[in-house]
Amino acid sequence: MSLKEKIASSRFVITAEVGPPKGVDIEEMKKNTEVLKGRVDAVNLTDQQSSVMRLGSLAGCHLLRQWGVEPVLQVTCRDRNRLALQSDLLSAYVMGVENVLCLTGDHVSLGDHPDAKPVFDLDSVSLLQAVKGLEQGRDLGGKELKGSPRFFVGATVAPGADPLEPQILKMEKKVKAGAQFFQTQAMYEPKQFEEFMKSVKHLNAAVLVGIVVLRSAAMARFMNKNVAGIHVPDNLIEEMDKAEKKAAKGIEIAARLIREMRDMCQGVHIMAIGMEDRVPAILDAAGM
Amino acid sequence: MLVSELKPFEEILGYLDGENKVFIVGCKGCAEVCQTGGEAQVLEMKQKLEGKGKAVTGYTVVDFLCDRALVKLRLKAREADVAAADSLLVMTCGVGVQATAAVVDKITHPACNTMNLGGVRGEWRGSERCRECGDCLLDVTGGICPLTACSKFLINGPCGGAKSGKCEVEPDVRDCGWHLIYQRLKKLNRLDKMTEIVPPKAFSKMEPPKHLRSTIMWALEQREKEVAAR
Ligand code: SF4
Ligand code: SF4
C-alpha cells in the first residue's frame with residue numbers, strides 16, 4: 001500500500017525524515033534508512049535543509065527506492081525557478097517518486113552559502129498549483145505536456161506559530177491549491193495541537209503531527225530561541241535537565257507525545273535529526 | 001532615494017593602485033543623506049587618501065550628481081584640476097558614477113555600493129517601498145508591498161520563519177512583512193484578502209519596455225548624438 005492509500009484507509013501513518021550527506025558518502029544515510037525500513041510508512045528526503053548545500057533530494061529519493069523504502073520528495077522554492085522546479089517534478093515522477101512535499105524553504109542567508117542568490121520565483125502555494133497543473137497535463141506556461149504525472153501532494157504548517165491565524169489562512173490556500181496532506185512543525189503541547197486541529201477541521205486534509213526528538217535541555221532551549229513555530233514547554237525542559245540518561249528521556253518524551261496526540265490526527269512525522277537509530281525505540285514505547 | 005554605503009577604505013585604495021593623483025566628486029542629494037558623499041565625507045576621504053600618500057588635485061560636491069547636465073557644468077568649472085588627476089573617485093550612487101563617466105574621459109571609481117532605490121519614485125523617503133514589479137499587489141496586501149517587505153518576496157502569505165513578528169533574515173532589525181500585512185488586514189477587517197490565491201508573478205513585467213524606461217532626457221541625449229554624428 002502506498003502512503004496515499006494508507007492515509008485514505010484512515011490508518012494512523014508514520015513518516016520520518018532522513019537528511020542526505022554533505023558529500024557523496026552515502027553509508028550513513030543508508031544505515032539511517034535501514035533503521036527506519038519496515039517501521040515507517042514513508043521517509044522524507046530533505047531538500048538542502050537549513051539552506052546547507054548537500055546531496056540532492058531527488059537523487060536521495062531514488063536511493064531510498066532502491067533500498068526498498070517509499071520516499072517523500074521535499075521540494076523548496078529557495079534554489080530553483082519555475083522551470084527547474086517543474087522539470088524536477090517530472091524527473092521525480094519518471095523515477096517512481098509519487099509523494100512530494102512543497103515548501104518555501106529557509107532563506108539562503110541562514111545556510112552555508114549566504115552569498116547565493118535566493119530564487120523564490122514561486123512560493124509554496126504556487127508550487128502546489130504547479131503540481132496540480134502538471135497533473136492536468138499543463139505547465140505553468142500553459143503548454144501541453146506529453147504525458148502527465150500523478151502525485152500525492154503535501155505541505156507544511158506550524159501549529160505552534162504565534163499568531164496562528166496567518167498560518168491557518170495560508171494552510172487554507174494550500175488546500176485550495178491542491179495539498180492533500182500536511183506534516184507539521186514540531187509540536188510539544190498536545191493541548192495546543194488539539195486546539196489547532198479543531199480550527200482546521202473544515203479543511204479536510206490529513207495532518208501528520210511533527211515530532212522532533214529531544215537530545216538535551218540545551219537543544220530545547222536553543223530551538224525555543226531560534227526556531228520559529230517551535231515551543232518546548234518548561235516542564236519538558238526540566239524533565240530533560242533532570243534526566244540522567246538523556247537519550248532514554250528524549251525517547252520517552254517523544255513516545256508520550258505520540259500517544260497523547262495520536263487520536264487527534266492522521267499520523268505522525270518524526271524528525272530525528274541524526275538520531276534515526278532512536279526511532280524504533282520511540283515507536284516501541286509509543287506502542288506502534 | 002538611492003541608498004548607498006561607503007565601500008571599505010581598503011577596497012577604494014585598491015582601485016587607486018598605481019595612480020597618484022585623484023579628483024573627488026561628491027553629491028549633496030541622497031549621498032549626503034546617507035552620509036556617503038556629502039561635503040563632510042568628501043573632506044574626510046581627502047584626508048585619508050592624503051594620509052596614504054595620494055595627491056588630491058581637487059574636489060567638488062554637486063547638488064544632484066544624477067543630473068548629468070549639472071555634473072558637466074560643475075566639472076567644466078574645475079577643468080584644470082580634473083585634467084591633472086589620473087582618475088576620479090565618485091562618492092555617490094551608481095547613477096552619479098555613470099553621470100560622471102558620461103561627461104569626463106577618465107576612469108571614474110565608485111566609492112560606494114548602491115543598495116536600493118528606496119523611495120526614488122516619490123518623496124516618501126527613508127526605506128525601500130517598491131521593487132517596481134510591474135504588477136502591483138497592494139490591493140491584496142492591505143497596502144504593504146510584499147516584494148520589499150518580505151525577504152523571500154512571498155506573495156501568498158508568511159513562510160514558517162517569522163519569530164515574534166520578526167523575519168528569519170536579520171531578526172534584530174527586520175519585521176516580518178507578512179506579519180505587518182496580517183496585522184493591517186486584520187485591523188481593516190479584510191482578512192479574507194489573505195485567502196485569495198495570487199498567481200505566480202510575471203517577472204517579465206519587471207522589465208519595462210525601452211520606451212517606458214527612458215525619459216525625455218533620453219530623447220534629448222539621442223538628439224545630441226544625432227547632432228554630433230552629423
Ligand atoms: S507590489 Fe509591485 S508595484 Fe506594488 S508596491 Fe510592491 S513592487 Fe511596487
Ligand atoms: S519571515 Fe516573514 S518577511 Fe521573512 S521571509 Fe518569512 S514571510 Fe517573509
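Because the structure is a prediction, the values reported are computed rather than measured.

A.B. asks: Kindly report on the interface of chain B and chain A, identifying the contributing residues and their values.
C.D. replies: Where interface size is given, it is often the accessible area lost as the parts come together that is meant. Tallying the contact residues gives 26 residues for chain B and 34 residues for chain A. Both faces combined, the contact of chain B with chain A buries some 2400 Å², and carbon together with sulfur accounts for 59% of it. At the surface where chain B touches chain A, the tally comes to one salt bridge. A salt bridge links B:Lys186 to A:Glu165; the nearest nitrogen and oxygen atoms lie 3.1 Å apart. For the interface between chain B and chain A, the tally reads 16 residue pairs in polar contact (both at pLDDT 80 or more). In terms of residue class, the side of chain B that touches chain A is built from 13 nonpolar, seven polar and six charged.

A.B. asks: Go over the sheet that holds strand S2 (residues 21-27) of chain B with me, naming the residues and quoting the values.
C.D. replies: Residues and elements named next belong to chain B. Taken in spatial order, the four strands of this open sheet run S3-S2-S4-S5, and their pairing is parallel. Because the sheet does not close on itself, it has two edges, and the strands there are strand S3 (55-62) and strand S5 (107-110). When the angles between neighbouring strand axes are averaged without regard to direction, this sheet yields 25 degrees. Relative to S5, strand S4 (residues 87-90) runs parallel, the two being bridged by four bridges. Bridged to Leu 88 within S5 is Thr 108. Helix H4 (residues 68-77) contacts S2, S3 and S4 of the sheet and is inclined by roughly 140 degrees relative to S3.

A.B. asks: Can you explain the packing of helix H4 (residues 82-94) of chain A against helix H5 (residues 124-135) of chain A? Please cite residues and give values.
C.D. replies: For any two helices packed against each other, one specifies the crossing angle of their axes together with the interaxial distance. Residues and elements named next belong to chain A. Where H4 contacts H5, the two axes come as close as 11 Å, and the packing angle between them is 50 degrees. Between H4 and H5, the angle falls in the class oblique. Here H4 runs over H5; the crossing is right-handed. Residues Leu 85, Gln 86, Leu 89 and Leu 90 of H4 form the contact with H5, whose own contacting residues are Leu 127, Ala 130, Val 131 and Leu 134. In terms of residue class, the contact of H4 with H5 is built from seven nonpolar, one polar and no charged.

Conventions adopted
Residues numbered from 1 in each chain as written. Chains lettered and ligands numbered in written order. Predicted model: local features only at pLDDT ≥ 70, side-chain atom pairs only at ≥ 80, totals over all residues. Heavy atoms only, no water. Contact = heavy atoms within 4.5 Å. Buried area = accessible area lost by both parts, 1.4 Å probe. Salt bridge = Lys/Arg side-chain N within 4 Å of Asp/Glu carboxyl O. Polar contact = N/O pair within 3.5 Å; in protein donor to acceptor, adjacent residues only side chain to side chain. Nonpolar A, V, L, I, M, F, W, Y, C, P; charged D, E, K, R; others polar. Pairing = 2+ DSSP bridges. Helix = DSSP H or I, 4+ residues; strand = E, 2+ residues; numbered from the N terminus. Axes fitted to C-alpha atoms, helices over the stretch in contact; angles between N-to-C directions. Parallel < 35°, antiparallel > 145°, perpendicular 65-115°, else oblique. Left-handed = near helix turned anticlockwise from the far one by under 90°.

Keep in mind these values describe shape, not function.
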